[in-house]
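Listed here are the chains, written in short residue letters.
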Amino acid sequence: MRKQKMFFIFITIVGMITLLSGCSQKKEPKLNRYDAQFFELFDTVTSIVGYTEDEETFREYANELRDELLVYHQLYDIYHDYEGMANLKTINDNAGIQPVKVDEKIIAMLEEAIEMYEKTDGRMNIAMGSVLSLWHDYREAGSLDADHAAIPSDEELQEAAKHMDIYKIKIDREASTVFLEDPDMSLDVGSVGKGYATEMVCQNLEKKGLTSGLISVGGNVRGIGTKPGGEKWKVGVQNPDLTGDRSYLHTLEIEDMSLVTSGVYQRFYTVDKKQYHHIIHPDLLMPWDAYASVSIVCQDSGLADCLSTAVFNMEAQEGLAFIEGLDNVEALWIYQDGSEMCSSGFKEYVKDEDGQ
């Protein structure tokens with residue numbers, strides 16, 4: 001009886017192996033490449049490239065991307081009201097007045113931003129709205145009338161800087177409210193909002209079954225899986241010198257990773273033949289010209305967005321040491337003269353034609 005039982009088990013196992021072997025040889029469905037673009041989200045161009053079995057499936061993912069990003073865009077908007085929605089503008093408008101009940105998408109993003117403020121020693125601060133709005137107004141006026149372009153006075157900047165204490169953001173998770181204790185402070189999440197939204201939407205697309213995609217939200221790039229066959233996504237590091245003959249300085253290969261760049265070439269205006277870009281140093285209250293751009297590669301697009309701003313506002317060796325102390329995060333610094341510095345593992349992602 002014992003031998004017969006063992007024989008039966010052996011036959012069963014062999015049968016299972018044969019069955020599994022047959023399954024492994026099943027032909028995988030062919031995936032086709034599709035792409036789409038949207039222009040109304042975060043005031044920039046959003047694109048998605050994906051590989052799916054058919055166009056209908058891809059369109060479902062693309063529409064999901066657009067619809068979700070639109071919600072984040074409206075929630076994080078500091079300039080416009082939307083009917084039936086409490087957003088960041090609503091919070092700013094009620095500074096010093098009353099708490100505002102908001103969506104979890106706002107609370108979670110604010111909590112991450114406060115955590116990154118602490119980790120970066122205040123080098124990215126979403127409570128800088130008073131200072132950033134001052135620069136925004138001068139930049140807008142200067143862009144419309146170049147002959148009368150000006151920069152904020154030191155007195156104006158110092159007065160605005162009195163109202164950027166991030167710890168005066170009071171979050172009540174139980175009540176789902178946010179309150180700004182200082183009536184003259186305001187939030188600006190330009191250093192985190194777009195990246196955080198990109199990451200959340202990409203994670204959701206993965207949960208819904210997208211296994212091969214590349215999403216770019218105004219240059220915040222996030223890869224999902226690889227191309228069919230295992231080929232990694234190729235993405236480019238923008239050349240900050242827009243007058244140069246090369247659009248991209250380096251080609252990177254990524255898989256389930258993000259690439260985010262902060263640079264002087266994105267938004268700027270000119271006063272007395274000097275360019276003033278939009279990245280304002282929290283201590284100087286002025287644009288800092290140490291670098292032309294800083295690029296971050298890591299898995300989380302929200303983290304990459306925060307770090308690209310924070311590291312841009314750090315001295316080179318301080319920034320390098322900071323990045324080297326993080327897990328699975330790499331960085332590339334481009335100086336104003338075109339020279340470069342990178343973290344120890346950055347070149348592992350670089351796949352330029354010359355192999356450098």
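Quick note: structure is the one above.
In this report, the structure presented in the accompanying data block is examined. (Residues numbered from 1 in each chain as written. Predicted model: local features only at pLDDT ≥ 70, side-chain atom pairs only at ≥ 80, totals over all residues. Heavy atoms only, no water.)

Before going further, it helps to examine the overall build of the protein. A count of helices and strands for the protein gives nine helices and 15 strands. Each principal axis of the C-alpha atoms in the protein carries an extent, and together these give about 95 × 55 × 40 Å. Taken over 356 residues, the protein has a buried fraction of 48%. Sequence-distant contacts in the protein: of pairs separated by 6 or more residues, those separated by 24 or more amount to 59%. Here the protein displays about 18,700 Å² of accessible surface, and carbon together with sulfur accounts for 50% of that area. With 32 positive and 62 negative side-chain charges, the protein shows a separation of 11 Å between the mean positions of the two kinds. (Helix = DSSP H or I, 4+ residues; strand = E, 2+ residues; numbered from the N terminus. Buried < 20%, exposed > 50% of the residue type's maximum accessible area, 1.4 Å probe, protein only. Contact = heavy atoms within 4.5 Å. Areas by Shrake-Rupley, 256 points an atom, 1.4 Å probe, with all protein chains shown as cover. Lys, Arg positive; Asp, Glu negative; His and termini not counted. Charge placed at Lys NZ, Arg CZ, Asp CG, Glu CD.)

This brings us to the sheet that holds strand β7 (residues 220–225). If you walk across this open sheet you meet the eight strands as β1-β2-β6-β7-β10-β13-β14-β15, and the pairing is antiparallel. A single partner strand is all that each edge strand has here, and the edge strands are β1 (32–41) and β15 (340–342). The average undirected angle you get between the axes of adjacent strands in this sheet is 10 degrees. Examined bridge by bridge, strand β13 (residues 291–298) and strand β14 (residues 330–335) share six bridges and lie antiparallel to one another. Paired with Val297 across the strands is Glu330, a residue of β14. Its contacts with the sheet place helix α2 (residues 55–75) against β1, β2 (44–52) and β6 (212–217), and it is angled at close to 25 degrees to β1. Strand contacts of helix α8 (residues 301–312): β7, β10 (258–263), β13 and β14, with the helix running at about 150 degrees to β13, the strand carrying the most contacts. (Pairing = 2+ DSSP bridges. Axes fitted to C-alpha atoms, helices over the stretch in contact; angles between N-to-C directions.)

What follows covers unusual backbone geometry. Here the phi dihedral of Asp256 falls at roughly 55 degrees; this positive angle occurs in a residue that is not glycine. Mapped onto the secondary structure, Asp256 falls in the loop between β9 (248–254) and β10. We classify Asp256 as partly exposed; its relative accessible area is 24%. Here the phi dihedral of Leu285 falls at roughly 60 degrees; this positive angle occurs in a residue that is not glycine.

We now examine the pairing of β10. In terms of burial, β10 is largely enclosed, as six of its six residues are buried. Pairing of β7 with β10, which is carried by two bridges, proceeds in the antiparallel orientation. Bridging from a neighbouring strand, Val221 pairs with Leu259 of β10. In terms of strand pairing, β10 meets β13 through six bridges, oriented antiparallel. The partner of Val260 across the bridge, within β13, is Ile296.

Inspection of every chain in the model, using the stated rule, returns nine aromatic pairs. Each ring, one from Trp288 and one from Tyr291, has its centre 5.8 Å from the other, and the planes form 80 degrees; the classification is edge-to-face. Note that Lys105 overlies the ring of Tyr72, its terminal NZ or CZ placed 5.7 Å from the centroid. Stacked on the ring of Tyr276, the Lys or Arg Lys274 has its end atom at 5.4 Å from the ring centre. (Phe/Tyr/Trp six-rings, centres within 6.5 Å; stacked < 30°, edge-to-face > 60°. Lys NZ or Arg CZ within 6 Å of the ring centre and 35° of its normal.)

We now examine the layout of surface pockets. Computed from the structure, the second largest pocket encloses a volume of approximately 330 Å³. Where the lining of the second largest pocket is concerned, the elements lending two or more residues are β12 (274–277) and β14. Of the residues contributing to the lining of the second largest pocket, the split by class is nine nonpolar, five polar and three charged. (1 Å grid on protein atoms, 1.4 Å probe; cavity = no way out; pocket = protein on both sides within 12 Å on 5 of 7 lines; lining within 4 Å. Points joined across faces, edges and corners; volume = space filled by probe spheres on them. Nonpolar A, V, L, I, M, F, W, Y, C, P; charged D, E, K, R; others polar.)

Let's shift gears to helix α9 (residues 316–324). By the burial criterion, the buried members of α9 are Ala316, Gly319, Leu320, Phe322 and Ile323. The buried side chains of α9 occupy one side of the element, clustering within an arc of 160 degrees when seen end-on. Summarising the geometry of α9, the exposed residues directed more than 90 degrees from the buried face are Gln317 and Ala321. (Arc of directions from axis to C-beta.)

This next bit is on the sheet that holds strand β5 (residues 177–180). One open sheet accounts for three strands, arranged β3-β5-β4; its pairing is antiparallel. Where the open sheet ends on each side, the last strands, each with one partner, are β3 (100–101) and β4 (169–172). Sheet analysis places β4 next to β5, joined by four bridges and oriented antiparallel. If you follow Ile169 over to β5, its bridge partner there is Leu180. The sheet contacts of helix α4 (residues 104–119) involve β4 and β5, and relative to β4 the element is tilted by about 130 degrees.

Once that is clear, we can look at the packing of α2 against helix α7 (residues 193–207). Orientation of α2 relative to α7, taken along the N-to-C sense of each, is 145 degrees, at an axis distance of 10 Å. As α2 packs across α7, the resulting crossing turns out to be right-handed. Touching Tyr61, Glu64, Leu65, Glu68, Leu69 and Tyr72 of α2 are Tyr196, Ala197, Thr198, Met200, Val201, Asn204 and Leu205, all from α7. For the contact of α2 with α7, a count of residues per class yields nine nonpolar, two polar and two charged. (Left-handed = near helix turned anticlockwise from the far one by under 90°.)

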